[in-house]
Amino acid sequence: MDVELRHLKTIRAIADAGSLTKAATALGLAQPALSAQLKRIERALGGELFERGRHGVRATALGEFVLARARVVLPAVSGLREEARRYAQAWQGGAGFRLGGTHGPLLGALVDRLAAAHPGARVTTHTSWSERDIAARTAAGALDFALVGSCGASPPPESEPLVWREVARDPVFVMLPTGHPLADHQEIDLGRLAGEAWTDVPGDGCFADCFSAACVRAGFTPTRVYETDVASCVHLVQVGRAVGLCRATFPPTPGLVTRPLAGTPLYWRHLLGWHPAAPAHDTAAAVFAQARAAHAEAAARSESYTAWLAAPSPHLP
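What comes next concerns the included structure. Since the model is a prediction, treat every value here as computed from it, not as a measurement.

Looking now at the overall build of the chain. A count of helical and extended segments in the chain gives 10 helices and 11 strands. On C-alpha atoms alone, the chain measures out to a radius of gyration of 29 Å, which is more than a quarter above the 20 Å that the 2.2 N^0.38 rule sets for 317 residues. Referenced to the eigenvectors of the C-alpha coordinate spread, the extents of the chain come out at roughly 90 × 45 × 35 Å. Long-range contacts, defined as pairs at least 24 residues apart, comprise 72% of the intrachain contacts of the chain with a sequence gap of at least 6. With an accessible surface of roughly 16000 Å², the chain has 54% of that area assigned to carbon and sulfur atoms. Each charge sign in the chain was given a centre, from 31 positive and 29 negative side chains, and these centres are 10 Å apart.

In structure tokens, the structure reads:
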């Protein structure tokens, strides 16, 4: 007789109940039928699994060995079954694109391109400030693709079990109000902004630490940093309350300009991630190509980024 999952469940039930009578009740079996089944299982495994006594049963050494394996195997199989069901349900009725991303122009551009290229497919989005949240949802099967950013060479969140590919890397620019004394400069040394308050969007990566380190290298420590949503960052810059940090693909916006920082002290990597065992893996190459095209379109809309790219020696690591 081959040992099956149901046999491991029987062994676990007997151990948890502490007696054959109680285990039979829990399993919905007659006690003699359970005793006969246990004997067959013991013959298949080569020895007694439980010592029978007046006060119930107790696992033998072989029984403890089998129970230890069963308590690993059974939850693993249950998790596999649930994950497979979740993936199957997500993809019933035809392919779709469930995208997760941080707030930025690239996610919207990718949605637009996918909807145009696949008019019959359902495209949905989930946005969050947390790259880890988006990656975890993708790893769990709640999302098909994660479109997130990573500061510099830092690793992506949830590097296992997801597959990550770099869509593009951009220098980090600074946002200034149009009336700022440095607004007409082609690039700005970070040290010349030492006296400014700053604004940026929040996140759970290392960008804040990288920015602080870049400022220290430039000879100062930021006196104030407002972490808030994109619209509030834009407002604070427009009214002159702060200067902002942004990706080079930040779209043209009235009342402010974006300028590169001299020497590119900070850069940002756009990453696309997916689970290699999920149905989304079959469309990953096409989605990656669309993400690359979306980034190229966003870069072309930024005059300051276009000028930076056209410079004799734009520098990115």
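Let's shift gears to the packing of aromatic side chains. Under the defined criterion, the tally for this structure stands at five aromatic pairs. Residues tyrosine 305 and tryptophan 308 carry aromatic rings whose centres are separated by 6.0 Å and whose planes lie at 40 degrees to one another, so their mutual orientation is tilted. Here tyrosine 305 pairs with tryptophan 308, and both are found in helix α10 (residues 303–310), just three residues apart, close to one helical turn. For the residue pair tyrosine 305 and tryptophan 308, the accessibility class agrees, reading buried in each case. Pairwise contacts between aromatic rings join Phe173, Tyr305 and Trp308 into one cluster.

Looking now at the environment of proline 161. Along the chain, the position of proline 161 falls in the loop between β5 (145–151) and β6 (163–177). It is 35 Å that separates the C-alpha atoms of proline 161 and glycine 263, two residues lying 102 residues apart in sequence. If we ignore the near neighbours within four places in the chain, the residues touching proline 161 are Ala139, His275 and Pro276.

With that settled, the discussion passes to helix α5 (residues 105–117). With 13 residues, α5 ought to run about 18 Å at 1.5 Å a step, and its terminal C-alpha atoms sit 19 Å apart, in line with that. Taken as a whole, α5 has its buried residues at Leu106, Leu107, Ala109, Leu110 and Leu114. One face of α5 carries all of its buried residues, which in axial projection span an arc of 165 degrees. Pointing more than 90 degrees away from the buried face of α5 are the exposed residues Asp112 and Ala116. In this structure, the buried side of α5 is in contact with β3 (96–101), β4 (122–127), β5, β11 (267–274) and α9 (284–301).

Bringing the packing of helix α2 (residues 20–27) against helix α3 (residues 31–45) into the picture now. Interaxial distance between α2 and α3 falls to 9 Å at its minimum, and their mutual angle equals 105 degrees. One finds that α2 runs roughly perpendicular with respect to α3. Contact residues: Leu20, Thr21, Ala23, Ala24 and Leu27 in α2; Gln31, Leu34, Ser35 and Leu38 in α3. Looking at side-chain class alone, the contact of α2 with α3 contains six nonpolar, three polar and no charged residues.

With that settled, the discussion passes to the pairing of β6. Counted residue by residue, β6 has 11 buried out of 15 residues, so it is predominantly covered. Looking at chain direction, β6 and β11 are connected through eight bridges and run antiparallel. Residue arginine 169 lies in a different strand from β11, and its bridge partner there is arginine 269. In this sheet, strand β9 (residues 243–247) lies alongside β6 in antiparallel orientation, the contact comprising four bridges. By the bridge assignment, methionine 175 is partnered in β9 with glycine 244. Judged from the five bridges that link them, β6 and strand β10 (residues 256–260) form a sheet pairing that is antiparallel. Note that in β10 the partner of proline 177 across the bridge is leucine 256.

Okay, the pattern of salt bridges next. Summed over the entire model, instances satisfying the criterion amount to 10 salt bridges. Put simply, aspartate 16 and arginine 71 hold a salt bridge, and the shortest N to O gap is 3.2 Å. Within this pair, whereas aspartate 16 is found in helix α1 (residues 5–17), its partner arginine 71 is found in helix α4 (residues 61–90), the two being separated by 55 residues in sequence. In this structure aspartate 16 comes out as exposed when scored by relative accessible area, which is 55%. Note on arginine 71: relative accessible area 41%, which makes it partly exposed. One salt bridge connects aspartate 204 with arginine 132, and the closest N-O pair in it is separated by 3.7 Å. Here aspartate 204 is found in the loop between β7 (198–200) and α7 (207–217), whereas its partner arginine 132 is found in helix α6 (residues 131–140), with 72 residues between them in sequence. When its relative accessible area of 49% is taken as the criterion, arginine 132 is described as partly exposed. Sharing partners across several salt bridges, the network here consists of Glu166, Arg169 and Arg269.

The rules behind each value
Residues numbered from 1 in each chain as written. Predicted model: local features only at pLDDT ≥ 70, side-chain atom pairs only at ≥ 80, totals over all residues. Heavy atoms only, no water. Helix = DSSP H or I, 4+ residues; strand = E, 2+ residues; numbered from the N terminus. Rg over C-alpha atoms; globule rule 2.2 N^0.38 Å. Contact = heavy atoms within 4.5 Å. Areas by Shrake-Rupley, 256 points an atom, 1.4 Å probe, with all protein chains shown as cover. Lys, Arg positive; Asp, Glu negative; His and termini not counted. Charge placed at Lys NZ, Arg CZ, Asp CG, Glu CD. Phe/Tyr/Trp six-rings, centres within 6.5 Å; stacked < 30°, edge-to-face > 60°. Buried < 20%, exposed > 50% of the residue type's maximum accessible area, 1.4 Å probe, protein only. Expected span 1.5 Å × (residues − 1). Arc of directions from axis to C-beta. Axes fitted to C-alpha atoms, helices over the stretch in contact; angles between N-to-C directions. Parallel < 35°, antiparallel > 145°, perpendicular 65-115°, else oblique. Nonpolar A, V, L, I, M, F, W, Y, C, P; charged D, E, K, R; others polar. Pairing = 2+ DSSP bridges. Salt bridge = Lys/Arg side-chain N within 4 Å of Asp/Glu carboxyl O.

The quantities given are spatial measurements derived from coordinates; they are silent on function.
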